[in-house]
Amino acid sequence: MAREALPQLPYSVDEIYGLRNTARSSSKYPAYARVHTSVYRIFGDASFSDERPELVVVEDSHSGFDFFSALCAKSGIQCVSAGGKSNVYRLLRECKESNILVIADGAAFGPEMAYVTSLMRFKKIRLFLPESFEWLVLKSPLLRDASVDKLLEHPAEYIESSEFFSWETFFTRELVERTRDSYLEYRKSRLNPAYLQNRELGMISSELPNLGI
């Protein structure tokens, strides 16, 4: 429990909570209890429209960026890589565009949320934060089967924290193993061109909300 972000830990944007005091007295001073029974998420689910962004910023500089860059190229929208989650805030602050879509791995983007959302007072910034790009591929019709559905529905039952530092690394391992020795063989460093073919690109894109790209 802490008030400040913990950049040394890759925690999910969905696992940042506030504690609400539920033991208030009738006086003007709250009576704090040792146990807080009311917990709420700090960052709620984002809503999307098909509004076209001026710029798309992708946290990833590898396979995820290759995919979204190809998708944006079809729409004629500029797409840039931040080169890592810790660079997203600086890039957003310095860029001249005011209508920006940010795509990052929600499974590890928690430490950056306070900084990035603080810029929403000055720029129109929308956040698309799937667990990871690999999670999106697994969730798409491209590879979906009963075992994948079960894994994605209850990932905590499959992820051993002593083996995986974050959920992102687990989903990467799963995608690598499930596509090994196939035409979709996945590499984190550079996206297999097979994923950018019209059929494959469309199947993965079908899992995206209305992002305007």
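Residues numbered from 1 in each chain as written. Predicted model: local features only at pLDDT ≥ 70, side-chain atom pairs only at ≥ 80, totals over all residues. Heavy atoms only, no water.

(A) Quick look at helix α5 (residues 146-153). Regarding α5, the residues found buried are V148, L151 and L152. Summarising the axial view, the buried residues of α5 lie within an arc of 95°, below the 170-degree limit, and thus occupy one face. Seen from the open side of α5, the exposed residues pointing more than 90 degrees away from its buried face are A146, K150 and E153. In the core, the buried residues of α5 are packed alongside α4 (133-139) and α6 (167-179). (Buried < 20%, exposed > 50% of the residue type's maximum accessible area, 1.4 Å probe, protein only. Helix = DSSP H or I, 4+ residues; strand = E, 2+ residues; numbered from the N terminus. Arc of directions from axis to C-beta. Contact = heavy atoms within 4.5 Å.)

(B) Representation of the sheet that holds strand β6 (residues 124-128) within the structure. In spatial order, the strands read β4-β3-β5-β6; together these four strands make up an open sheet with parallel pairing. Every interior strand has two partners, whereas the edge strands, β4 (78-81) and β6, have only one. Strand after strand, the sheet turns through a mean of 20° between neighbouring axes, direction not considered. Relative to strand β5 (residues 99-103), strand β3 (residues 55-58) runs parallel, the two sharing four bridges. Following the sheet pairing, L55 is matched in β5 by I100. Across the face of the sheet, helix α1 (residues 63-75) comes into contact with β3, β4, β5 and β6 while running at roughly 170° to β4. (Pairing = 2+ DSSP bridges. Axes fitted to C-alpha atoms, helices over the stretch in contact; angles between N-to-C directions.)

(C) Inspection of the nonpolar core at higher detail. Counting 37 residues, the largest nonpolar core has V56, F67, F68, F128 and Y195 as the members making the most contacts within it. Of all the elements in the fold, those that place two or more residues in this core are β3, α1, β5, α4, α5, α6 and α7 (198-205). Once residues within four sequence positions are removed from consideration, Y195 is found in contact with V137, L142, L175, T179, L184, E185, Y186, E200, L201 and I204. Listed in part, the 19 residues of the second largest apolar core include L55, V57, L92 and V102. (Core = buried A, V, L, I, M, F, W, Y, C linked by side-chain atoms within 4.5 Å.)

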